[in-house]
Amino acid sequence: MSTRSRGKSVYYFPGGKREAGETDVEVLCREIKEELDVEIDRDSAIYIGTFEAHAHGHDAEVLLQMRCYEANFSGTLTASSEIDCFEWMRYRDRERTSEVDQKIFDFLWERALIDM
Ligand SMILES: Nc1nc2c([nH]c(=O)n2[C@H]2C[C@H](O)[C@@H](COP(=O)(O)OP(=O)(O)OP(=O)(O)O)O2)c(=O)[nH]1
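A few points on the structure. Remember, it's a predicted structure, so these values are computed and weren't measured experimentally.

Some remarks on the pattern of salt bridges
Enumeration according to the criterion identifies 15 salt bridges in this entry. When the shortest N-O distance is used, the salt bridge between R6 and D84 registers 2.1 Å. Taken together, the residues R6 in the loop between β1 (2–5) and α1 (24–36) and D84 in strand β6 (residues 83–87) connect sequence positions 78 residues apart. Salt-bridge contacts for R111 lead to E110; the nearest nitrogen and oxygen are separated by 3.7 Å. For R111, a relative accessible area of 44% corresponds to the partly exposed category.

Regarding the nonpolar core
F51, M66, I104 and F105 are the most contacted members of the largest nonpolar core, which has 14 residues in total. Put simply, the parts of the chain that give this core at least two residues each are β3 (46–54), β4 (63–70) and α2 (99–110). Contact partners of F105, with chain neighbours within four places excluded, come to S2, F13, M89, R90, Y91, D93, R94, T97 and I114. L28, C29, I32 and V38 belong to the second largest nonpolar core, which has 8 residues in total.

Here is what the cut-offs are and how they apply
- Residues numbered from 1 in each chain as written.
- Predicted model: local features only at pLDDT ≥ 70, side-chain atom pairs only at ≥ 80, totals over all residues.
- Heavy atoms only, no water.
- Salt bridge = Lys/Arg side-chain N within 4 Å of Asp/Glu carboxyl O.
- Helix = DSSP H or I, 4+ residues; strand = E, 2+ residues; numbered from the N terminus.
- Buried < 20%, exposed > 50% of the residue type's maximum accessible area, 1.4 Å probe, protein only.
- Core = buried A, V, L, I, M, F, W, Y, C linked by side-chain atoms within 4.5 Å.
- Contact = heavy atoms within 4.5 Å.

It is worth stressing that arrangement in space is one thing and function is another; only the former is reported here.
Listed below in structure tokens is the structure:
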């Protein structure tokens, strides 16, 4: 599932930057709550992998390293004020996402974890 932040042209996986002292799962829970108003079940979080690419919206030399998790959640997905919209995507939507997300789409596709 991908989100489009206010003023951005491409879709991002929900998430964001770590604040001082936070663990990965703490960042995950905070960002998902802020963006989509649902509660992540922290015990269900499973590390998927780390992906690197140019950070969208930054100078070409700025690299983004994204540590990805899958997890269950409870509540009703609701776009917060920082999100314009969210969308369940398929592999064919790959070009509508940021550079790092396209690598993640490829990873999911190679493992048959996303539909065409
Ligand atoms: N969450 C998220 N961020 C992404 C993705 N792809 C991508 O290039 N980014 C970039 C955009 C941002 O520069 C950074 C995430 O920062 P953030 O979500 O905490 O947002 P922010 O407003 O503080 O970031 P910034 O634009 O000020 O750098 O990573 C993605 O799929 N998900």
